[in-house]
4 protein chains.
Amino acid sequence: MQMSDLDQWLKERNLNGHWNRQPGLPKVEPYLWKWADIHEGLQTAGEVVPMDKTGRRTIQMRNPSLPAGMTHTIHISVQLVKPGEIARAHRHVAGAIRYVIKGAPNAFTIVEGERFAMEEGDLITTPNWTWHDHFNGSNEPVMWLDGLDVRLVGYLGAQFQQNYVKEQQPIEKPDGYSTKIHGRARPNWIKSTHATPPFRYQWKETYATLSALKESDGNPYDGILLEYVNPFTGGSTLPTYSCEIQLLRPTEKTRAHRHTSTVVYQAFRGEGVTVIEGQRYEWGQGDIFVVPPWRSHSHENRTSADAILFSITDRPSAAALGLYREEAVEV
Amino acid sequence: MQMSDLDQWLKERNLNGHWNRQPGLPKVEPYLWKWADIHEGLQTAGEVVPMDKTGRRTIQMRNPSLPAGMTHTIHISVQLVKPGEIARAHRHVAGAIRYVIKGAPNAFTIVEGERFAMEEGDLITTPNWTWHDHFNGSNEPVMWLDGLDVRLVGYLGAQFQQNYVKEQQPIEKPDGYSTKIHGRARPNWIKSTHATPPFRYQWKETYATLSALKESDGNPYDGILLEYVNPFTGGSTLPTYSCEIQLLRPTEKTRAHRHTSTVVYQAFRGEGVTVIEGQRYEWGQGDIFVVPPWRSHSHENRTSADAILFSITDRPSAAALGLYREEAVEV
Amino acid sequence: MQMSDLDQWLKERNLNGHWNRQPGLPKVEPYLWKWADIHEGLQTAGEVVPMDKTGRRTIQMRNPSLPAGMTHTIHISVQLVKPGEIARAHRHVAGAIRYVIKGAPNAFTIVEGERFAMEEGDLITTPNWTWHDHFNGSNEPVMWLDGLDVRLVGYLGAQFQQNYVKEQQPIEKPDGYSTKIHGRARPNWIKSTHATPPFRYQWKETYATLSALKESDGNPYDGILLEYVNPFTGGSTLPTYSCEIQLLRPTEKTRAHRHTSTVVYQAFRGEGVTVIEGQRYEWGQGDIFVVPPWRSHSHENRTSADAILFSITDRPSAAALGLYREEAVEV
Amino acid sequence: MQMSDLDQWLKERNLNGHWNRQPGLPKVEPYLWKWADIHEGLQTAGEVVPMDKTGRRTIQMRNPSLPAGMTHTIHISVQLVKPGEIARAHRHVAGAIRYVIKGAPNAFTIVEGERFAMEEGDLITTPNWTWHDHFNGSNEPVMWLDGLDVRLVGYLGAQFQQNYVKEQQPIEKPDGYSTKIHGRARPNWIKSTHATPPFRYQWKETYATLSALKESDGNPYDGILLEYVNPFTGGSTLPTYSCEIQLLRPTEKTRAHRHTSTVVYQAFRGEGVTVIEGQRYEWGQGDIFVVPPWRSHSHENRTSADAILFSITDRPSAAALGLYREEAVEV
């Protein structure tokens, strides 16, 4: 018998020899989506896609290097809710965040019986298995970035989803409840019913911190970068991923590094360029791009105004499994 | 030989039979100190005790049930710093807190190169081995409660103390630095040089949380009780003890409980009574009292105004060693 | 514009509407591989595949429900090393275990400078990034089950691999070193250079525990099931997965349950049947089968002799990410 | 008013000025008790002290530097149980260990329904709140060292004690149960009812590890030192303290160091000298001595035979509270 005969014999029995290399997983490649496209697509969807044809009116990023999805772990889309519309109540194991691109005074995400106002730049979490719905009570459209760990959760076979019995859940807590119970001095008789409680990180506070630190050295690879921490533990935003915001000062250019985590960015303010393995990705406000694991990358703000990037990283998953590595890259 | 002969024989050799019970540790008993006395003593000290005769101008509580100190673990005193005075820079393993009774605009505690303003009701921590000094740049006296775990640290043989080379340490950080770096979104390139960073909990924020929760059920044993959490970990204020603040609503009367931790209280606002093992301890503003371990106690606000108690508990030490127990007491 | 026009427009821009469902990940389905096939394939490979044509002489399981591999997380193969052969030294981020099917007196796995003897039923770990090679110094072939988290590690973009400078690493530690330093009383001056140290779990000890517990109630879903614990932490065998061994007593039939983790089994002794979602998978010694996440399953030993299953579960990964769920299933 | 008048005025109100230093806690000083004395006292007690006059027939060490007890944290005594005697069943919050000086074939410590045989050199734990009693079913006396954290537990106000309803608790578990369920491969359906399970560390295993490591460099301050680890967690023997055993090779002389923990030693084999802050403490088999916190100390075996010291250290308590420090001392 020859090796090739053996290969055939094994194949018929769903076996394979080590010497006969199997195809690996598709590799995630860098990609950048233009806001103009996303926005136009979303506007059109607002006109031609009624809410009863889709659970959520969202436009998803499709990474051409993958059979489906944007990355192996984090899934990103942009959502539009028009005046008077409801995105109905449900819950799922995948943990989600909303980063508000365009807010409005009476637009709310409701999580576990509490309303969270949605103003531009706010970050709102709807952790693993929390009931949530959205409502736009203003007369302007609202839009936000949705980030979910649904690819990873699905990969591990742990994704479940349920619709709430009604379209909306009742409001059972006063406004600001989560902020109050997770303050620096905290009620000791109230325990969150979830290990990771829902939380709203207000832009005005985030921006105040960014501004206050503008004169600091900052992070050599990322400028003035802040991580949104879980108010309960001081750890990552959600158990599987963290959200971060970084300010690149006028003409700031960071050093290059690489790490075993995937990062998805959205330009929130200004414009600049991110160099990924020598390839330049130029971004303006609203553009979305992905840096795959272990790819060298650096950022540059080429204007005289601040540039701000919002991002989502699966670093907490890698770290929890003993798989996180990071190193500087000389270029 | 008789048992009594054996006892004598053993005693001469620094041995002892189990049947011949040795004296136990002195038991901590409840006690209440009146603010009028503390205040008058402190005023007089301000007149007759110059700063060069004492490192700190403080009046300590002396528990008559003990050979020295106030409790076995927590040590309490009240400090006065007059206009222009400096309480010179030092550090010690014992972790300390300051709870401001009377603040002033230019009075500061300086910790690890950062100034912390001292306004009435503020809590400021100077954790284990952090350099700290105090300065009163106003033209009014300032006063605060000092709380330290120095009895416990000394008992375990771990107390060390050092004077700074100068009277005051230099200011090396901008005002508000700690608040900024421990916000909800946090710089990831700044690491505290201490496991427990220094922190100022402003009264206006603490009071806002207390007020917001006034309609809640609260804690059955303690009313609207908040625990000051370590901004890094979400855990106890310091590794060995926690600070708490509780609001007793008009005429509120709590249920009785007991626990294996010592609590020291100071009445910050209003008046009321705490019943400890059937004995009534009536308190008014500024009074200080101690509830020893495993003594049943309940609180009552007998007025039509809010009453607020500040307290320090060694519960984190008991919990860390697997020794914490708590139970309701029917009375 | 129609929805279908919009879909096309979006597709051209690598975008997608939520209403237009993208293909999900391929689902892992149950499958059983017969030992007779595996063994015959391995024997033939021993004849026709020289070691210089393949790094390792292993036969891998191919799950027909997936484009490649056996499960999304754990990868299984069976390895043959003939007398005098060396499987050369390398290391990789993926953590591996060896479960010995056929041992021999002078066969060794060498990990980080320590020889681990390979006797039937022994489990040997080569954790994340530890140098390892294998050598068969006897005159009989040796065979074992290889288990790796390489699919999961690759999915997260964290897989790296290096060859050692020579074919074999030098032996630098005395035999039994790991067992000695991880005993019940442990040297405090030796720290493992890896968070998870390599370890050999001898079959004679494992079997003694299984035997001693034969009269116990056992686990209702799994009989007398033991988890191999990390000798340092008492936690899972490796950070991402655990190995387990379970004895099903004569005629024992377990209750059904399901959980959000994948389990791969090899029948080590005896024969029985595992019912997965109503489908019967009959197994005899050496057979390998997979139970995908959230599939109801129960085991039955239909003989009058003990049956023993060795298994690998990715439960620790699901748990570390807050994704583990388990429930009984009534059938 | 003068300062001295103020001091008097304050004293009458149970207050004290910081300038008027209060007495500190008594300092623990080194001391050594000779085995000849302990043994003779215990023998005499066996003759003149009946079991109904004393719960336990033990001789306690009395440190002359303290008003009571041996150290501030650990309490040591030596116990004698004569043939046929029972030390009746009770439990207490203080965690205890027994280190067997003289065992016998039918002597047992019973903990939570399980019998633990008592052979020379065995260590048996009876953790916090576990029922335990002792029975000597042989026709020879048995003796052991008792170590408890009762001083520390009492200091924190957490000590409770209960007698069992009968003199002895029933045996409800098979011999060797704890060893089996805490093996390297562990039943996952059995959970200890205590965070720290009772455990017997057999001398023959401990000695095998000591012997195997005799050629190692060892710990520069302590020779071949092993820490008895909690079989559940891999951490300290009990939450508040650890037991350790160290072998000093013929003529071995260690370097000096000091640390913020108290250590109590008993010479188990051989003879030597421990130098504490320049003072020599010569010890022979059975002698007991104490090294207080932050005192420089080094050990020397001056014979040509091995010397073995058993010890108990409160280091885990100091570490849990952030108070542990250690440093080498040049002498």
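Heads up: the structure comes first, above all this text.
Everything in this summary refers to the structure shown in the same document. (Residues numbered from 1 in each chain as written. Chains lettered and ligands numbered in written order. Predicted model: local features only at pLDDT ≥ 70, side-chain atom pairs only at ≥ 80, totals over all residues. Heavy atoms only, no water.)

Notes on the overall build of chain A
Heads up, the rule is: The helix count covers DSSP runs of H or I at least four residues long, the strand count covers runs of E at least two residues long, and both are numbered beginning at the N terminus. We compute the radius of gyration over the C-alpha atoms and compare it with the globule rule, which gives 2.2 Å times the number of residues raised to the power 0.38. Working definition: with a 1.4 Å probe on protein chains only, accessible area under 20% of the residue-type maximum means buried, over 50% means exposed, and in between means partly exposed. Contacts are assigned to residue pairs with any non-hydrogen atoms lying within 4.5 Å of each other. Surface exposure here means Shrake-Rupley accessible area, sampled with a 1.4 Å probe, where a residue is shielded only by the protein chains that are shown.
What chain A contains, in helices and strands, is 6 helices and 24 strands. Whereas a compact globule of 331 residues would reach a radius of gyration of roughly 20 Å, chain A reaches 22 Å, a difference of no more than 12%. Within chain A, buried positions represent 63% of all 331 residues. Across chain A, the fraction of contacts at a sequence separation of at least 24, relative to all contacts at a separation of at least 6, is 75%. Here chain A has roughly 12,300 Å² of accessible surface; of this, 47% comes from carbon and sulfur atoms.

Considerations on the interface of chain B and chain A
Here is the rule we go by: Accessible area, probed at 1.4 Å, shrinks when two parts are joined; the buried area is that loss added up over both. In the analysis that follows, any N or O atom pair within 3.5 Å is treated as a polar contact, provided that within protein one partner can donate a hydrogen and the other can accept it, and provided that, for residues neighboring in sequence, both atoms belong to side chains. Any two strands between which DSSP finds at least two bridges are classified as paired.
Opposite the 32 residues of chain B that make contact, chain A presents 32 residues. When chain B packs against chain A, the two sides together hide about 2,600 Å² of surface, and 60% of this comes from carbon and sulfur. Between chain B and chain A we count 10 residue pairs in polar contact (both at pLDDT 80 or more) in total. Among the elements that take part in the side of chain B that touches chain A, strand β15 (residues 224-228) of chain B stands out by supplying 5 residues, more than any other. Pairing of strand β15 (residues 224-228) of chain A with strand β13 (residues 185-187) of chain B, which is carried by 3 bridges, proceeds in the antiparallel orientation.

Details of the pattern of salt bridges
Residue and element names in this part refer to chain A. Just so we agree on the cut-off: Every case where a carboxyl oxygen of Asp or Glu lies within 4 Å of a side-chain nitrogen of Lys or Arg is listed as a salt bridge.
Per the counting criterion, the structure on display carries 72 salt bridges over all chains. Close ionic contact of R315 with E227 constitutes a salt bridge, the shortest N to O distance being 3.5 Å. Of this pair, R315 sits in helix α6 (residues 315-320) while E227 sits in strand β15, and the two are 88 residues apart along the sequence.

Considerations on the sheet that holds strand β23 (residues 307-313) of chain C
Formally: Orientation is described by axes fitted as lines to C-alpha atoms, over the contacting stretch for helices, and by angles from 0 to 180 degrees between their N-to-C directions.
The 7 strands are arranged β2(C)-β21(C)-β18(C)-β23(C)-β16(C)-β15(C)-β13(D) in an open sheet whose pairing can be described as antiparallel. Of all the strands in the sheet, the pair left with one neighbour each is β2 (31-33) of chain C together with β13 (185-187) of chain D. Taken over all neighbouring pairs, the strand axes of this sheet differ in orientation by 25° on average, direction set aside. One ladder, built from 4 bridges, connects strand β15 (residues 224-228) of chain C with strand β16 (residues 242-248) of chain C; its direction is antiparallel. Residue pairing across strands places L226 of chain C opposite I245 of chain C, the latter belonging to β16 of chain C.

Remarks on helix α5 (residues 203-212) of chain B
To keep it simple, the criterion reads: Throughout, the arc means the angular range of directions from the helix axis out to the C-beta atoms.
When α5 of chain B is considered as a whole, its buried residues turn out to be W203, T206, T209 and L210 of chain B. End-on view of α5 of chain B: buried residues confined to an arc of 130°, all on one side of the axis.

Let's talk about the relation of the copies chain C and chain A
Applicable threshold: Each copy is superposed on the other by least squares, with the fit set by C-alpha atoms of residues at a pLDDT of at least 70 in both.
Mapping chain C onto chain A calls for a screw motion: a turn of 180° about the axis and a shift of 0.0 Å along it, with 0.0 Å RMSD after fitting. Taken together, the rotation and translation describe the operation of a two-fold axis. If distances are taken from each C-alpha of chain C to the rotation axis, the shortest is found for A320 of chain C, at 3.1 Å.

Describing the packing of helix α1 (residues 3-12) of chain B against helix α2 (residues 35-48) of chain D
The angle between the axes and the distance between the axes are what describe a pair of packed helices. Put simply, the rule is: Should an angle fall under 35 degrees it is called roughly parallel, over 145 degrees roughly antiparallel, and 65 to 115 degrees roughly perpendicular, with every other angle called oblique. Here the term charged refers only to Asp, Glu, Lys and Arg, the term nonpolar to Ala, Val, Leu, Ile, Met, Phe, Trp, Tyr, Cys and Pro, and the term polar to all other amino acids, Gly among them.
One way to put it is that α1 of chain B packs onto α2 of chain D with a least axis distance of 10 Å and a crossing angle of 170°. For the element pair α1 of chain B / α2 of chain D, the angle class is roughly antiparallel. Where α1 of chain B approaches α2 of chain D, its residues M3, L6, W9 and L10 of chain B are matched on the opposing element by D37, E40, G41, T44, A45 and V48 of chain D. Of the residues assigned to the contact of α1 of chain B with α2 of chain D, the class counts are 6 nonpolar, 2 polar and 2 charged.

A word on the sheet that holds strand β18 (residues 263-269) of chain D
Strand order in this open sheet of 7 strands is β13(C)-β15(D)-β16(D)-β23(D)-β18(D)-β21(D)-β2(D), and the pairing throughout is antiparallel. The sheet is open, and its two borders are formed by β13 (185-187) of chain C together with β2 (31-33) of chain D, each paired with just one other strand. Between one strand axis and the next, the sheet turns through 25° on average, direction left out of account. Sheet strands in contact with helix α5 (residues 203-212) of chain D are β13 of chain C together with β15 (224-228), β16 (242-248), β18 and β23 (307-313) of chain D, and its direction is about 145° off that of β15 of chain D.

With respect to the relation of the copies chain B and chain A
For the match of chain B to chain A, the screw axis carries a shift of 0.0 Å, the RMSD comes to 0.0 Å, and the turn is 180°. Counting the interface residues of chain B, we find that 100% of their copies in chain A are interface residues as well, pointing to one common contact surface.

Examining the interface of chain C and chain A
Taken together, the contact between chain C and chain A spans 65 residues of the former and 64 residues of the latter. When chain C packs against chain A, the two sides together hide about 6,000 Å² of surface, and 66% of this comes from carbon and sulfur. Along the contact surface separating chain C from chain A lie 2 salt bridges. The partner of R13 of chain A in a salt bridge is D37 of chain C, and the shortest N-O contact between them spans 3.7 Å. Summed over the shared surface of chain C and chain A, the number is 14 residue pairs in polar contact (both at pLDDT 80 or more). Counting only elements with at least two residues in the side of chain C that touches chain A, the list comes to α1 (3-12), β1 (15-17), β2, α2 (35-48), β3 (58-61), α3 (150-155) and α6 (315-320) of chain C.

Focus on the pairing of strand β22 (residues 297-300) of chain B
Residue and element names in this part refer to chain B. Neither face of β22 is left uncovered, since the one carrying H297 and H299 and the one carrying S298 and E300 both have all their residues buried. As defined by bridge partners, strand β19 (residues 272-276) adjoins β22 across 4 bridges and the pair is classed as antiparallel. Within the sheet, the bridge partner assigned to V273 lies in β22 and is E300.

A short note on the environment of T251 of chain A
Residue and element names in this part refer to chain A. Counting through the fold element by element, T251 comes out in the loop between β16 (242-248) and β17 (256-259). The exposure class of T251 is exposed, given its relative accessible area of 59%. The spatial distance from the C-alpha of T251 to the C-alpha of L238 is 32 Å, given a sequence separation of 13 residues. Dropping the residues within four chain positions of it, T251 is found in contact with N301 and T303.

These results come straight from atomic positions and should not be treated as a statement about function.
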